[in-house]
Amino acid sequence: MASPTEPRFLIIGRVARPHGVHGEVSVEPFTDLPERFTWLKTVYVGEINPRPAPVENARFHQGRILLKLAGYDDREAAESLRFQWLQVPEAEAIPLAEDEFYLYQAIGLVVYNEDGDHLGEVVEILETPANYVFVVNTPAGELLLPHIPEVVREIDFERGRMTVRLLPGL
């Protein structure tokens, strides 16, 4: 776990593959605002102990971002970035609307039903085309809860809890 003095990072993309012979890479964006790549000065490469890499250029191409990072000047160097996560410090995150949250913030929430019965804890979040699905560890096993208003009644990050309504079949 990061100490309070260490920056926390948010994933904004993943390198798919090299593009061309001059060190560019094709990036699959994992952000609601892919335009951010065009104004970034630095991106952090890797999942564990991400290292800073100055951004030389970013442009859009066929639904992806073509990114040129300093120090990666040929195809071989760009190949070393394949499948690497691209991150930014949490302090550089795009401000969220009042009802929005980062997925990592839901991990560890304690889940209760509307009657106040303890169900378990959120341990993972699955991303599906329709909605997010919270994976909750319960004494009876794994419970999958879709992030829809009919099921997720309230998320209280200050108290570390989520209140849900279990629909038939859940």
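A quick note: this is a predicted structure, and the numbers were derived from the prediction, not measured. (Residues numbered from 1 in each chain as written. Predicted model: local features only at pLDDT ≥ 70, side-chain atom pairs only at ≥ 80, totals over all residues. Heavy atoms only, no water.)

### Thoughts on the pattern of salt bridges
Filter applied, for reference: Here, a salt bridge means any side-chain nitrogen of Lys or Arg that lies within 4 Å of a carboxyl oxygen of Asp or Glu. Helix and strand labels come from DSSP, where a helix needs a run of H or I of at least four residues and a strand needs a run of E of at least two; each type is numbered from the N terminus. Buried, partly exposed and exposed residues are distinguished by accessible area as a fraction of the type maximum, computed with a 1.4 Å probe on protein chains only: under 20%, between the cut-offs, and over 50%, respectively.
Considering all chains together, one arrives at seven salt bridges under this definition. Among the salt bridges present, the one from E24 reaches R59, with a minimum N-O distance of 2.9 Å. With a gap of 35 residues between them, E24 in strand β2 (residues 24-29) and R59 in strand β4 (residues 51-61) connect regions that are remote in the sequence. Residue class for E24 comes out buried when judged on its relative accessible area of 13%. One salt bridge connects R159 with D156, and the closest N-O pair in it is separated by 3.8 Å. Since its relative accessible area comes to 57%, R159 is described here as exposed. A residue is classified by how much of its surface remains accessible, and D156, at 16% relative accessible area, is buried. In this structure, a network of salt bridges that share partners links the residues E56, K68 and D73.

### Side note on the environment of L126
So the rule is basically this: Whether two residues touch is decided by their heavy atoms; if any such pair falls within 4.5 Å, the residues are in contact.
Looking at the element boundaries, L126 is found in strand β8 (residues 118-127). Under the relative-accessibility criterion, L126 is labelled partly exposed at 33%. Sequence spacing of L126 and V27 is 99 residues, and the spatial spacing of their C-alpha atoms is 21 Å. Look past the residues within four positions of L126 in its chain and what remains in contact with it is N131, Y132, V133 and V135.

### Regarding the sheet that holds β4
Convention followed: By this definition, two strands are paired if DSSP reports at least two bridges between them. Angular values range over 0 to 180 degrees, each being the angle between N-to-C directions of two axes fitted as lines to C-alpha atoms, with helices fitted over their stretch in contact.
On the basis of which strands lie adjacent, the closed barrel formed by six strands has the order β1-β2-β5-β4-β3-β6 and antiparallel pairing. Across the sheet, the mean angle separating the axes of adjacent strands is 50° when strand polarity is ignored. As paired elements, strand β3 (residues 42-45) and β4 share four bridges and run antiparallel to each other. Across the sheet, residue Y44 finds its bridge partner in β4, namely P52.

### Considering the environment of P18
Locating P18 in the fold gives a position in strand β1 (residues 9-19). P18 gets classed as buried once you look at its relative accessible area, which sits at 5%. Between the C-alpha atoms of P18 and E79, which are 61 residues apart in sequence, the distance is 5.6 Å. In contact with P18, other than residues within four places in its own chain, are E24, V25, R75, A78, E79 and R82.

### Comments concerning the side chain of N113
To keep things clear, this is the line we draw: Think of a polar contact as two N or O atoms within 3.5 Å of one another; within protein, one of them needs to be a possible hydrogen donor and the other a possible acceptor, and neighboring residues in sequence only count if both atoms come from side chains.
Its place among the elements puts N113 in strand β7 (residues 110-113). Overall, the relative accessible area of 15% leaves N113 in the buried class. Among the polar contacts listed, one links the side chain of N113 to the backbone nitrogen of D115, at a separation of 2.9 Å. If near-sequence neighbours (up to four positions away) are discounted, N113 is found in contact with L119, T163 and V164.

### What about the environment of D99?
Relative to the helices and strands, D99 resides in the loop between β6 (85-89) and β7. For the pair D99 and I155, spaced 56 residues apart in sequence, the C-alpha to C-alpha distance is 9.4 Å.

### Some details on the nonpolar core
Note the cut-off: What we call a nonpolar core is a set of buried Ala, Val, Leu, Ile, Met, Phe, Trp, Tyr and Cys residues that are connected through their side-chain atoms within 4.5 Å.
Core analysis: the biggest nonpolar cluster contains 20 residues, and V27, F37, L67, L69 and L86 have the highest contact counts within it. Here F37 is in contact with I12, G13, V27, P29, T31, V55, A58, I65, L67 and L86, once residues within four sequence places are set aside. L145, V152, M162 and V164 belong to the second-largest nonpolar core, a separate cluster that totals 15 residues.

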